[in-house]
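One letter stands for each residue in the lines below.
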Amino acid sequence: MRPPLPRALKQGAYVLVLAGGRGSRLRQLTDHRAKPAVPFGGTMRIIDFALGNCVNSGLRRIGVLTQYKAQSLIRHVERSWGFLEASLGEYVDVLPAQQQIDERWYSGTANAVHQNMHIVREARPDHVVVLGGDHIYKMDYSIMLAEHVARGADVSVACLETAVEDATEFGVMAVDGDGRVVAFEEKPARPAALPGRPGRALVSM
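One structure accompanies this document, and this report is about it. Here the structure is a predicted model, which means the values were calculated and not measured. Sequence positions are assigned chain by chain, starting from 1 and proceeding in written order. The predicted origin of the model limits local features to residues at a pLDDT of at least 70 and limits the giving and counting of side-chain atom pairs to 80 or more, whereas totals for whole chains, interfaces and linings rest on all residues. To get the side-chain values, take all heavy atoms of the structure and skip hydrogens and water.

What to know about the environment of G82
Keep this limit in mind: The way it works is that DSSP assigns letters per residue, a run of H or I at least four long becomes a helix, a run of E at least two long becomes a strand, and they are numbered from the N terminus. For each residue, the accessible area found with a 1.4 Å probe, counting protein chains only, is set against the maximum for its type, and the residue is called buried under 20%, exposed over 50%, and partly exposed in between.
Relative to the elements of secondary structure, G82 occurs in the loop between α3 (71–80) and β5 (91–96). Classification of G82 as exposed rests on a relative accessible area of 58%. Between the alpha carbons of G82 and D93 there is a distance of 9.2 Å; along the sequence they are 11 residues apart.

Laid out in structure tokens, this is it:
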């Protein structure tokens, strides 16, 4: 049985959920709302998977970065995730795009994080977890956080294994025998295979 992650490690983490994208591949579903706000299974929204993973992992200091047609997303987050106990330092804050640095809106995921670094500094976190708000999956982030700390890594990236022939549609990690990332390529024609496993590749979530 896996030992529990120390409570202080969970409490010291701050999460940024990137939820500003349109999701053009969903076509009409995102004409009037951001992709993370698209309904899923009745009353749920796509963003609920990332937020539910956070809460169930014990990571309960969360900032949700919004931009594209965000009103329904903001309404859903405020009404559905307002149960966290602020007196215990638990919260989900909605962080709309505010042209924090200059007159430009977010130009991508890295820029969205960059424009909100003052929010991150205010939280004074020991570790920062950056997530996409438009993915449907189940994951215990505390396991990844514990491994990140145990390995003394500067940055850890969540990845999935896939067949090499399917990896051309994703961002592909080249790693060494210890799992350390040595290169990254977006949608390569010839994806790098995992060491010792020529038919498998490692792709970014």
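So, the pairing of strand β9 (residues 181–186)
Look at any regular strand and the pattern is simple: side chains alternate between the two faces of the sheet. Using the following cut-off: Here, strands pair whenever DSSP counts at least two bridges between them.
Bridge count for strand β8 (residues 171–175) against β9 is five bridges, and the pairing is antiparallel. Paired with M173 across the strands is F184, a residue of β9. Two successive antiparallel strands, β8 and β9, enclose a turn made up of five residues, where G179 displays a positive phi of approximately 85°.

Some thoughts on the state of the cysteines
Put simply, the rule is: When two cysteine sulfur atoms lie within 2.5 Å, the pair is treated as a disulfide.
Counting across every chain of the model gives zero disulfides. We note that C54 lacks a disulfide partner, and the nearest cysteine sulfur, in C159, lies 18 Å from it. In this structure C54 comes out as buried when scored by relative accessible area, which is 0%.

Some thoughts on the sheet that holds β8
Selection rule: For every element, the axis is a line fit to its C-alpha atoms; helices are fit only across the contacting stretch, and the angle between N-to-C directions ranges from 0 to 180 degrees.
Ordered in space as β7-β10-β8-β9, the four strands form an open sheet in which the pairing is antiparallel. Each edge of the sheet is formed by a strand with only one pairing partner; in this case those strands are β7 (159–163) and β9. Neighbouring strand axes in the sheet, compared pairwise and without regard to direction, differ in orientation by 40° on average. Across two bridges, β8 lies against strand β10 (residues 200–204) in antiparallel orientation. Among the inter-strand pairings, M173 is bridged to a residue of β10, identified as L202.

Some details on the pattern of salt bridges
Applied cut-off: Put simply, a salt bridge is a Lys or Arg side-chain nitrogen that is within 4 Å of an Asp or Glu carboxyl oxygen.
Per the counting criterion, the structure on display carries four salt bridges. Residue R60 is joined to E90 by a salt bridge in which the shortest nitrogen-to-oxygen separation is 3.9 Å. Here R60, found in the loop between α2 (47–56) and β4 (61–66), pairs with E90, found in the loop between α3 and β5; they are 30 residues apart in sequence, far enough to count as distant. Relative accessible area serves as the criterion here: at 30%, R60 is assigned to the partly exposed category. Relative accessible area serves as the criterion here: at 15%, E90 is assigned to the buried category. One salt bridge connects E161 with R197, and the closest N-O pair in it is separated by 2.8 Å. Within this pair, whereas E161 is found in strand β7, its partner R197 is found in the loop between β9 and β10, the two being separated by 36 residues in sequence. Residue class for E161 comes out partly exposed when judged on its relative accessible area of 37%. Several salt bridges share partner residues, and in doing so they unite E161, R197 and R200 into one network.

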